[in-house]
Amino acid sequence: MKPFFKLDQAWPNRLSAGQLRGLSDADFLELLRRVRNRMGVYHPNRQVRISRRRAYRNTTRQLISIRYPGRTRRTYRRLAAAEMESFALLNALYPEREKKWMSAEQRFSSKRTTTIVLENFSFIDNPTGTFESLALIAREESLAFETSIDFVDPYCLDIGPYMVLGVMREHMIRNCRGGKISRALNKVVSAVGLDSFLQMKLRPSTSKDIWPIKLQRGSSETVVKGATPGVSTRQIVTDRAVEGMNRWLENADLELSPEGCGNVGAMLGEAIDNAERHSGSSSKEAEWFVAGFMARRKDNDGEYRSVCHLGILSLGRTVAQSLSEAPEEVRAFIDGYVGAHHGSHFSKNTLTTVCALQDNVSRDPHPLDSKGGTGFMDVIDFTSFLGIRPDGKTTSNVAIISGDACLIAKYPYANSRKSEENSARYQWFNQNCSLEEAPEKAYVLSTKWDFPGTLISLRFELHEDFLRSLAAENGDDNQS
């Protein structure tokens with residue numbers, strides 16, 4: 001379509017609604033520019049009256065509402081009312097966010113609309129690509145007029161990225177609408193309660209092949225409504241998670257023994273406690289989230305598999321930042337390891353996080369050869385045991401994200417090894433499990449993003465028949 005005015009012509013004084021809607025996007029943007037110049041809103045050498053700016057804003061909004069009725073008009077109104085919220089996670093994913101943030105008028109002028117495709121969305125399987133997708137979402141939140149997100153994975157491959165995206169969406173402006181999602185992924189997101197967290201409108205899940213641990217959040221000062229006085233939020237969430245895991249095992253005609261419940265509860269409680277104590281100085285900084293599920297899936301051979309996911313996310317300080325306050329003996333141990341392997345492949349923070357996985361490495365005062373700082377190894381060994389296969393290998397996958405560190409504990413580094421000297425457990429991510437050797441790059445990597453907190457994301461498969469046989473060997477037909 002030819003424009004009904006040329007750039008060298010005077011701006012027409014009257015436009016009908018039909019003429020306005022018949023303009024190309026380029027011509028409409030030129031019209032907005034001419035309106036701005038004609039109304040004298042911006043002048044390099046003198047200050048413009050507020051009344052003139054207000055008149056320009058009202059005129060612009062009226063032109064936009066006529067040309068783009070309905071959805072686009074609502075989007076513009078939302079953007080015009082929104083303000084940028086400074087949030088550490090979004091700023092870390094898009095470091096130029098505060099500098100390049102665009103107003104509603106700027107976004108409309110650029111008319112930038114994007115579709116973001118989330119494929120292989122998993123820190124366990126694709127950490128770099130997943131970070132790149134989250135960084136793209138953070139960038140488009142700052143620049144785009146409207147975006148949509150397509151979840152193209154047939155299943156949830158890793159619950160961790162969805163929890164991180166949910167936290168992001170709570171602090172993003174509402175310029176993201178619609179998108180695609182598979183039926184199986186829809187069921188999981190709805191069942192776990194991630195749909196409202198992700199600001200998605202999904203059909204409620206009625207699936208009988210998903211056993212969720214509903215999304216829970218809290219901090220050191222959170223109080224659960226109706227809770228018994230003196231009972232912490234951490235204890236309530238831990239008990240609910242243990243109950244959820246027991247429901248997973250019930251499908252294999254197994255259950256956690258009282259001792260097993262205590263061990264699992266202590267493990268999860270310590271992970272949440274670490275989030276509260278080590279991640280920040282205030283309850284807002286030390287906010288944490290827990291969610292998980294088990295799903296029954298049919299593989300290519302027609303056999304059903306029980307796939308379990310659990311995520312623990314905390315915001316605030318990273319593991320490496322927390323260990324900066326460790327006792328002198330622990331710091332000397334960490335500095336020696338970092339000094340031996342720091343180079344082009346691994347940052348100091350990443351190597352410090354590898355040290356933090358080992359037993360007895362903690363910021364809390366205690367001798368290195370005493371019991372303490374076992375939380376990470378407890379998680380790794382517990383997941384490795386539940387994911388064990390008849391051939392002795394394990395389906396366990398544990399992703400640990402903190403700062404620029406990304407650690408993937410999976411086969412053949414899915415469980416710990418014990419020291420002959422003091423029975424402490426270690427995992428240095430190399431064939432000899434030696435602190436004198438650098439970790440393998442396929443399992444330990446330093447990213448270019450500084451994640452402000454810690455995420456522990458678990459995935460494993462339950463091999464029911466084999467677990468039942470192990471329980472029988474231990475002298476109990478239905479307990480683990």
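Visitor: Please clarify how the overall build of the protein chain should be interpreted in this entry.
Guide: Check the secondary structure of the protein chain and you find 18 helices and 9 strands. Taking all 480 residues of the protein chain together, the buried fraction comes to 51%. Here the contacts in the protein chain between residues at least 6 apart in sequence split such that 70% fall between residues at least 24 apart. Accessible surface, the protein chain as shown: approximately 23400 Å² in total, 46% of it carbon and sulfur.

Visitor: Just checking my understanding: could you explain the nonpolar core for this structure?
Guide: Side chains of nonpolar character tend, in soluble globular proteins, to be buried together. Residues Trp 248, Phe 429 and Leu 462 are the most contacted members of the largest nonpolar core, which totals 59 residues. In this structure Phe 429 touches Val 354, Leu 357, Leu 407, Ile 408, Ala 409, Tyr 413, Pro 439, Glu 440, Tyr 443 and Val 444, once residues within four positions along its chain are discounted. Leu 165, Ile 408, Phe 451 and Leu 455 belong to the second-largest nonpolar core, a separate cluster that totals 55 residues.

Visitor: Looking at this model, I keep getting lost on the sheet that holds strand S3 (residues 210-218). Mind explaining?
Guide: Strands pair in a sheet through their backbones, by hydrogen bonds, and they do so in one of two ways: parallel or antiparallel. If you walk across this open sheet you meet the 5 strands as S3-S4-S5-S9-S6, and the pairing is antiparallel. Strand pairing shows two members of the sheet lacking a second neighbour, S3 and strand S6 (397-410), which therefore form its edges. When strand polarity is set aside, the average angle formed by the axes of neighbouring strands in this sheet is 20 degrees. The sheet contact formed by S6 and strand S9 (residues 444-462) spans 10 bridges and is antiparallel. Paired with Ala 399 across the strands is Ser 457, a residue of S9.

Visitor: Even after reading the chapter, I still don't get the packing of helix H8 (residues 127-143) against helix H9 (residues 159-170), so can you show me in this structure?
Guide: Between two packed helices, what matters for the description is the angle formed by their axes and the separation of those axes. Where H8 contacts H9, the axes come no closer than 11 Å and their chain directions differ by 15 degrees. Considered as vectors, H8 and H9 are oriented roughly parallel to each other. Note that H8 runs across H9; the crossing there is right-handed. Judged by residue contacts, Thr 130, Leu 134, Ile 137 and Ala 138 of H8 engage Pro 161, Val 164, Leu 165 and Met 168 from H9. Considering only residue class, the contact of H8 with H9 consists of 7 nonpolar, 1 polar and no charged.

Visitor: How should the packing of aromatic side chains be read in this particular structure?
Guide: Aromatic ring pairs are described here by two measures, namely the spacing of the ring centres and the angle between the planes. For the structure shown, the criterion picks out 11 aromatic pairs. Each ring, one from Phe 197 and one from Phe 289, has its centre 5.5 Å from the other, and the planes form 35 degrees; the classification is tilted. Linking Phe 197 in helix H11 (residues 194-197) with Phe 289 in strand S4 (residues 288-298), this pair joins segments that are 92 residues apart in sequence. Each member of the pair, Phe 197 together with Phe 289, is buried. Between Tyr 413 and Tyr 443 the ring centres are 4.9 Å apart and the planes differ by 85 degrees, which places this aromatic pair in the edge-to-face class. Taken together, the positions of Tyr 413 in the loop between S6 and strand S7 (417-418) and Tyr 443 in the loop between strand S8 (425-426) and S9 put the pair 30 residues apart, joining distant regions of the chain.

Visitor: Teacher, can you tell me more about the side chain of Ser 190 here?
Guide: Examined against the element boundaries, Ser 190 turns out to sit in helix H10 (residues 183-192). If we ignore the near neighbours within four places in the chain, the residues touching Ser 190 are Asp 195, Leu 202, Arg 203, Pro 204, Ser 205 and Lys 214.

Visitor: When you look at the pairing of strand S5 (residues 304-315) in this model, what are you seeing that I'm missing?
Guide: By the criterion of burial, S5 is predominantly enclosed, with 10 of the 12 residues buried. Looking at chain direction, S4 and S5 are connected through 11 bridges and run antiparallel. Each residue of the ladder has a partner; that of Arg 296, found in S5, is Ser 306. Across 10 bridges, S5 lies against S9 in antiparallel orientation. For Leu 310, the partnering residue across the bridge sits in S9 and is Leu 458.

Visitor: Would you mind showing me how to read the packing of helix H15 (residues 328-341) against helix H16 (residues 348-357) here?
Guide: The interhelical angle for the contact between H15 and H16, taken along N-to-C directions, is 130 degrees, at an axis separation of 9 Å. Of the possible angle classes, the one that applies to H15 and H16 is oblique. Note on packing geometry: the crossing formed by H15 with H16 is right-handed. Residues Phe 333, Ile 334, Tyr 337, Val 338 and His 341 of H15 lie in contact with H16, whose contacting residues are Lys 348, Leu 351, Thr 352, Val 354 and Cys 355. Within the contact of H15 with H16, the residues separate by chemical class into 7 nonpolar, 2 polar and 1 charged.

Visitor: Is there a simple way to explain the environment of Cys 355 in this structure?
Guide: Along the chain, Cys 355 turns up in helix H16. Here the alpha-carbon distance between Cys 355 and Ile 334, two residues 21 residues apart in the chain, equals 6.4 Å. When sequence neighbours within four positions are dropped, the list of residues in contact with Cys 355 reads Phe 333, Ile 334, Tyr 337, Val 361 and Trp 428.

Visitor: Mind showing me how you'd approach helix H12 (residues 233-250) here?
Guide: Residues spaced three or four apart along an α-helix face the same direction, because each turn holds 3.6 residues. In this model H12 runs 26 Å from its N-terminal to its C-terminal C-alpha over 18 residues, within 8% of the 26 Å that 1.5 Å per residue would give. Three or more residues of H12 are buried, namely Thr 233, Ile 236, Val 237, Thr 238, Ala 241, Val 242, Gly 244, Met 245, Asn 246, Trp 248 and Leu 249.

Visitor: Explanation requested: the pattern of salt bridges in the structure shown.
Guide: For side chains bearing opposite charge, pairing can occur when the charged atoms are close. Overall, the coordinates contain 16 salt bridges when judged by the stated rule. The closest approach of N and O atoms between Glu 96 and Lys 100, which form a salt bridge, is 3.3 Å. Taking the relative accessible area as the measure of exposure, Glu 96 reaches 33% and is therefore partly exposed. Note that Asp 359 and Arg 425 form a salt bridge whose closest N and O atoms lie 2.9 Å from each other. Of this pair, Asp 359 sits in the loop between H16 and helix H17 (375-386) while Arg 425 sits in strand S8, and the two are 66 residues apart along the sequence. Side by side, Asp 359 and Arg 425 carry an identical accessibility label, which is buried. Counted as one network, the salt bridges with shared partners bring together Asp 359, Asp 378, Asp 381 and Arg 425.

Visitor: Any chance you could explain unusual backbone geometry here in plain terms?
Guide: Only a minority of non-glycine residues have a phi that is not negative, and only a minority of peptide bonds are not trans. Here Tyr 411 and Pro 412 are connected by a cis peptide whose omega angle stands at 10 degrees. Secondary-structure assignment places Pro 412 in the loop between S6 and S7. For Asn 120, which is not a glycine, the phi torsion comes out positive at approximately 50 degrees. Structurally, Asn 120 is set in the loop between strand S1 (113-118) and H8. What makes Asn 120 partly exposed here is its relative accessible area of 30%. The backbone phi angle of Gln 199 is positive, close to 55 degrees, even though this residue is not glycine. Structurally, the position occupied by Gln 199 is in the loop between H11 and S3. On the basis of relative accessible area, Gln 199 is assigned to the partly exposed category, the value being 35%.

Rules used throughout
Residues numbered from 1 in each chain as written. Predicted model: local features only at pLDDT ≥ 70, side-chain atom pairs only at ≥ 80, totals over all residues. Heavy atoms only, no water. Helix = DSSP H or I, 4+ residues; strand = E, 2+ residues; numbered from the N terminus. Buried < 20%, exposed > 50% of the residue type's maximum accessible area, 1.4 Å probe, protein only. Contact = heavy atoms within 4.5 Å. Areas by Shrake-Rupley, 256 points an atom, 1.4 Å probe, with all protein chains shown as cover. Core = buried A, V, L, I, M, F, W, Y, C linked by side-chain atoms within 4.5 Å. Pairing = 2+ DSSP bridges. Axes fitted to C-alpha atoms, helices over the stretch in contact; angles between N-to-C directions. Parallel < 35°, antiparallel > 145°, perpendicular 65-115°, else oblique. Left-handed = near helix turned anticlockwise from the far one by under 90°. Nonpolar A, V, L, I, M, F, W, Y, C, P; charged D, E, K, R; others polar. Phe/Tyr/Trp six-rings, centres within 6.5 Å; stacked < 30°, edge-to-face > 60°. Expected span 1.5 Å × (residues − 1). Salt bridge = Lys/Arg side-chain N within 4 Å of Asp/Glu carboxyl O.

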